[in-house]
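The residues making up each chain are set out below.
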Amino acid sequence: MADDSKKQIKWTIVLLGLVGIGYYFYPQGEDLTPDDLSSKTVTLSSDIKTISGTRHSSSYHLLWTKETKAAFTIATPGEVAAPDGSLDSLKKGDSLTVKYYHIHDNELNDGAKEIPIFYLQKGKRVYFGLASYNKVQDATAFRLRVIGVAVGILMLLFGFNVINQKYAWITAGVGVVLFIILRALNLF
């Protein structure tokens, strides 16, 4: 007959739970400021191209210009900040103003480089700006922190035998469903 009161603490799970909770306090980096960016007016040498992501990378957009050999990239936060489908309206010959991190100034003539942009304007229309880009980045970082804390708490409870494995899986499943619903409603 097994004595349930003498269950061993699962120290590895407890340690992983503490790491998950500790991630909340891990510094995520500073938002970019206008002083960090260089501005350039460019003309598209071809239509914008969408590069589909894989299981390990996100999709992004590439822009080739007449003035530079390097390609400019629009990562997921820029795509999220721009209105739905608006980036597809960018065509060969369009004159754009882009802003990119100034440390890439010396890479503009290197055809092997891809330079991320944080601001995109065509004429008077601003597709996305630095503030909206930073807002999307901050929201994503917050979501990851909340998920890290939730998983960390579940791991601590399971590691200290407060909840059993079945209850931990049920709680995690409910959390995933709740996360998907809140994201679909744009509430989280």
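Just so it is clear, the structure is predicted and the values come from calculations on it, not from any experiment.

J.: How would you summarise the pairing of strand 7 (residues 125–128) if you had to cite specific residues and measurements?
T.: For a regular strand, side-chain orientation follows a simple rule: the groups alternate between the two sheet faces. Where strand 6 (residues 114–122) and strand 7 come together, three bridges link them in antiparallel fashion. When the bridges of strand 7 are listed, Lys 122 appears paired with Arg 125.

J.: Now, about the packing of aromatic side chains: what can you tell me, with residues and values included?
T.: Here the structure, examined in full by the defined rule, presents six aromatic pairs. An angle of 85° between the planes, with centres 6.1 Å apart, marks the rings of Trp 11 and Phe 160 as edge-to-face. A residue pair is termed long-range when its members are at least 10 positions apart, and Trp 11 in helix 1 (residues 11–22) and Phe 160 in the loop between helix 3 (130–159) and helix 4 (165–184) qualify at 149 residues. Phe 160 gets classed as partly exposed once you look at its relative accessible area, which sits at 39%. Between the aromatic rings of Phe 118 and Tyr 133, the centroid separation amounts to 4.8 Å while the plane-to-plane angle is 90°, which identifies the pairing as edge-to-face. Highlighted residues: Phe 118 in strand 6 and Tyr 133 in helix 3, separated in sequence by 15 residues. In this pair, the class of Phe 118 matches that of Tyr 133, namely buried. Site record: aromatic cluster; members linked through ring pairs are Phe 118, Phe 128 and Tyr 133.

J.: Residues and numbers for the layout of surface pockets, please.
T.: In this structure, the largest pocket encloses a volume near 580 Å³. Lining the largest pocket we find 19 residues, and of these Ala 150, Val 151, Leu 154, Thr 171 and Ala 172 sit closest to its centre. In terms of residue count, helix 4 provides more of the lining of the largest pocket than any other element does, ten residues in total. The residue makeup of the lining of the largest pocket, split by class, is 16 nonpolar, three polar and no charged.

J.: Tell me about the nonpolar core, and name the residues and values.
T.: Nonpolar side chains in soluble globular proteins generally cluster together in the buried interior. Membership of the largest hydrophobic core comes to 24 residues, with the highest contact counts inside it found for Leu 63, Phe 72, Leu 90, Ile 117 and Leu 120. Every element with two or more residues in this core is listed here: strand 1 (37–43), strand 4 (71–74), strand 5 (95–101), strand 6, strand 7 and helix 3. No other element matches strand 6, which puts four residues into this core. Among all residues touching Leu 120, those that are not within four sequence positions of it are Ile 74, Leu 87, Leu 90, Leu 96, Thr 97, Val 98, Arg 125, Val 126, Tyr 127 and Phe 128.

J.: I'd like to hear about the environment of Phe 72, residue by residue, with values.
T.: Within the secondary structure, Phe 72 is located in strand 4. The exposure class assigned to Phe 72 is buried, which follows from its relative accessible area of 1%. When neighbours within four sequence positions are excluded, Phe 72 is seen to be in contact with Val 42, His 61, Leu 62, Leu 63, Thr 65, Val 98, Tyr 100, Leu 108, Ile 115 and Ile 117.

J.: Could you give an account of the pattern of salt bridges, with specific residues and numbers?
T.: Applying the stated criterion across every chain, the model contains one salt bridge. A salt bridge links Lys 122 to Asp 94, with the nearest nitrogen and oxygen atoms 3.2 Å apart. Of the two residues, Lys 122 sits in strand 6 while Asp 94 sits in the loop between helix 2 (76–81) and strand 5, which places them 28 residues apart along the sequence.

Thresholds applied
- Residues numbered from 1 in each chain as written.
- Predicted model: local features only at pLDDT ≥ 70, side-chain atom pairs only at ≥ 80, totals over all residues.
- Heavy atoms only, no water.
- Pairing = 2+ DSSP bridges.
- Helix = DSSP H or I, 4+ residues; strand = E, 2+ residues; numbered from the N terminus.
- Phe/Tyr/Trp six-rings, centres within 6.5 Å; stacked < 30°, edge-to-face > 60°.
- Buried < 20%, exposed > 50% of the residue type's maximum accessible area, 1.4 Å probe, protein only.
- 1 Å grid on protein atoms, 1.4 Å probe; cavity = no way out; pocket = protein on both sides within 12 Å on 5 of 7 lines; lining within 4 Å.
- Points joined across faces, edges and corners; volume = space filled by probe spheres on them.
- Nonpolar A, V, L, I, M, F, W, Y, C, P; charged D, E, K, R; others polar.
- Core = buried A, V, L, I, M, F, W, Y, C linked by side-chain atoms within 4.5 Å.
- Contact = heavy atoms within 4.5 Å.
- Salt bridge = Lys/Arg side-chain N within 4 Å of Asp/Glu carboxyl O.

Spatial relationships are all this shows, so hold off on functional conclusions.
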